[in-house]
Amino acid sequence: MGFKGTKAEKKVAYDRKMCELLDQFSQVLVCVADNVGSKQLQGIRKGLRPESIVLMGKNTMMKRTVRIYAEKSGNTAYLNIIPLLVGNVGLIFTKGDLKEVREEIAKYKVGAPARVGLVAPIDVVVPPGNTGLDPSQTSFFQVLNIPTKINKGTVEIIAPVELIRKGEKVGSSEAALLAKLGIRPFSYGLIVQSVYDNGSVFDPDVLDLTEDDLINRFAAGVSNVAAFSLAIGYPTLAAAPHAFVNCYKNVLAIALETQYSFPQAEQVKEFLKDPTKFAVAAVSVAVESAATSVAAAEEEEKKPEPEEESDEDMGFSLFD
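Counting starts from 1 at the beginning of each chain's written sequence and moves along it residue by residue. Per-residue local features of the predicted model are confined to residues with pLDDT of at least 70, and side-chain atom pairs are confined, for both listing and counting, to 80 or more; whole-chain, interface and lining totals are unaffected and use all residues. For side-chain calculations, the full set of non-hydrogen atoms in the structure is used, while hydrogens and water are omitted.

Asker: Could you clarify how one ought to interpret the sheet that holds strand β12 (residues 200–202) in this entry?
Answerer: Within a sheet, neighbouring strands are paired by backbone hydrogen bonds and run either parallel or antiparallel to one another. By this definition, two strands are paired if DSSP reports at least two bridges between them. Helix and strand labels come from DSSP, where a helix needs a run of H or I of at least four residues and a strand needs a run of E of at least two; each type is numbered from the N terminus. Spatially, five strands are ordered β2-β3-β1-β11-β12 in an open sheet, and the strand pairing comes out antiparallel. If you trace the sheet from one side to the other, it starts and ends with β2 (52–55) and β12, each paired once. Going across the sheet, the axis of each strand differs from the next one's by a mean of 25°, ignoring polarity. It only takes one pair of heavy atoms within 4.5 Å for two residues to be counted as in contact. The axes are straight lines fitted to the C-alpha atoms, using for helices just the contacting stretch, and the angles between their N-to-C directions are given from 0 to 180°. On top of the sheet, helix α1 (residues 7–24) reaches β2 and β3 (89–94); it is set at about 145° to β2, its chief contact.

Structure representation (C-alpha cells):
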C-alpha cells in the first residue's frame, strides 16, 4: 500500500526517498514511460529488483529534490540530470551493468491495440490472407482501399497493405479494422532515453559499442592524425613511423642515383643489379615458412594420446 498522509507529508517522504537513492547509486537510466500501464510498471519493478529501483514522479518534484540534494551534499554532478527530466519520464537507479539492465527493461514490452488518435511508432502492414469476417464487413476494406475477395463465405485480403505509416495518427476506420482482425500492432514499455553514469550523461546507443568498435574508431583517429601531421609537416607520435619510412625512401633514392651508400642500401643495390637474387630470396623465405608449418604438424601428430582405462585398472572384470 502507498504512503497515506497529507500532500505536504507525501512530498517530504518523496524527497527523503529520492535523496537516499541519490546517495546509494551513481548510475541512473532516464526512461520514457508513454503508454505504460500501472500493472506493466509493477512487473518492471519486480523484474529489476534488487539491483535496480524504479522511481516515478512529477518532473517538478524530481528537479526540486535534485537541486536540494546537490546543495546539501555538494555533489553537483547530479545537476546534469535536470535537463533530461522533460515529458513523461522516470528514473531507474541501478548498480548493475547498464547494458544488461537496459536489455532487461526491453523484455517487459506489452502488445497494445491501435487506439484512435495515437501516433504510430512503427509502420502497420495488414498481411494477406483469410480474415474470418463475413461478406457484410467489406465496407471497412472499401473505405481503406484494401483489395479483397470473397472466398468460401469469408472476406480474404489479396495483397499486403500498408495501413498506417510511422508518425501518422491512427484514424477511427484503421482502429476499427485492426480490432476486428485481432491485430495488436504496437508494443509499449519503458524506453531508455539517456544514461547518467558518475556525472557523465550520454546516449544509450553508446552501451552497444564493443571493444572492437572502440579499437576501430581509435585506429581511424590515429590514421587521421598521422595523415594530417604528414600533410602539414608537423611531427607527432602517430606520424613518426611514416616519416621515418619516407626519409628512408628519400635517402635510398639518393644512394641509388649516386655513389654514396650505406648498409641498408647495399642489399637493394644488389637486387637491382641482379634481379634473380630477389627471386631466390623470396623462394627461400617461402620454403622456410612451409618447413616450419610441416614441423609443427609433425609435432602435433607425435603427441601421445591418453591411454584408455582397462577393466583391470577398475579392479574387476567384465564377467565378475
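Asker: Would you take a moment to explain the packing of helix α8 (residues 240–257) against helix α9 (residues 263–273) for this structure?
Answerer: For any two helices packed against each other, one specifies the crossing angle of their axes together with the interaxial distance. Taken N-terminus to C-terminus, the directions of α8 and α9 make an angle of 55°; their axes are 10 Å apart at the nearest point. On the basis of the axis angle, α8 is oblique to α9. With respect to the hand of their crossing, α8 and α9 are arranged in right-handed fashion. Residues Y248, L252, A255 and L256 of α8 lie in contact with α9, whose contacting residues are Q264, A265, V268, K269 and L272. In terms of residue class, the contact of α8 with α9 is built from seven nonpolar, one polar and one charged. These descriptions rest on fixed angle ranges, namely under 35 degrees for roughly parallel, over 145 for roughly antiparallel, 65 to 115 for roughly perpendicular, and the rest for oblique. The hand of a helix crossing depends on one turn: near helix anticlockwise from the far one by less than a right angle means left-handed, and clockwise means right-handed. The classification used treats Ala, Val, Leu, Ile, Met, Phe, Trp, Tyr, Cys and Pro as nonpolar, Asp, Glu, Lys and Arg as charged, and all other residues, Gly among them, as polar.

Asker: Is there a simple way to explain the sheet that holds strand β7 (residues 148–151) in this structure?
Answerer: Taken in spatial order, the three strands line up as β6-β8-β7 in an open sheet, and their pairing is antiparallel. In this open sheet, the two strands that pair with only one neighbour each are β6 (129–130) and β7. Two strands pair when backbone bridges link them, and β6 and strand β8 (residues 154–157) are joined in this way by two bridges, in the antiparallel orientation. Across the sheet, residue N130 finds its bridge partner in β8, namely E156.

Asker: How should I be thinking about the side chain of R102 in this particular structure?
Answerer: Residue placement: R102 occurs in helix α4 (residues 98–106). Only protein chains enter the accessibility calculation, which uses a 1.4 Å probe. A residue is then buried if its area is under 20% of the maximum for its type, exposed if over 50%, and partly exposed in between. Judged by its relative accessible area of 18%, R102 is buried. Discounting residues that sit within four places of it in the chain, R102 has contacts with V192, P204, D205, L207 and D208.

Asker: Even after reading the chapter, I still don't get the side chain of N59, so can you show me in this structure?
Answerer: Inspection of the secondary structure assignment puts N59 in helix α3 (residues 59–73). Owing to a relative accessible area of 18%, N59 belongs among the buried residues under this scheme. Excluding residues within four positions of it along the chain, N59 makes contact with L85, V86, G87 and V89.

Asker: Sorry, what's going on with the packing of α1 against α3 here?
Answerer: For the pair α1 and α3, the least separation of the axes is 10 Å and the interaxial angle reads 55°. In terms of their interaxial angle, α1 and α3 are classed as oblique. Here α1 and α3 pass one another in a crossing that is right-handed. Between α1 and α3, the contacting residues are K11, Y14, D15, M18, C19, L22 and D23 on the first element and M61, M62, R64, T65, V66 and Y69 on the second. When the residues that make up the contact of α1 with α3 are grouped by side-chain class, the tally is eight nonpolar, one polar and four charged.

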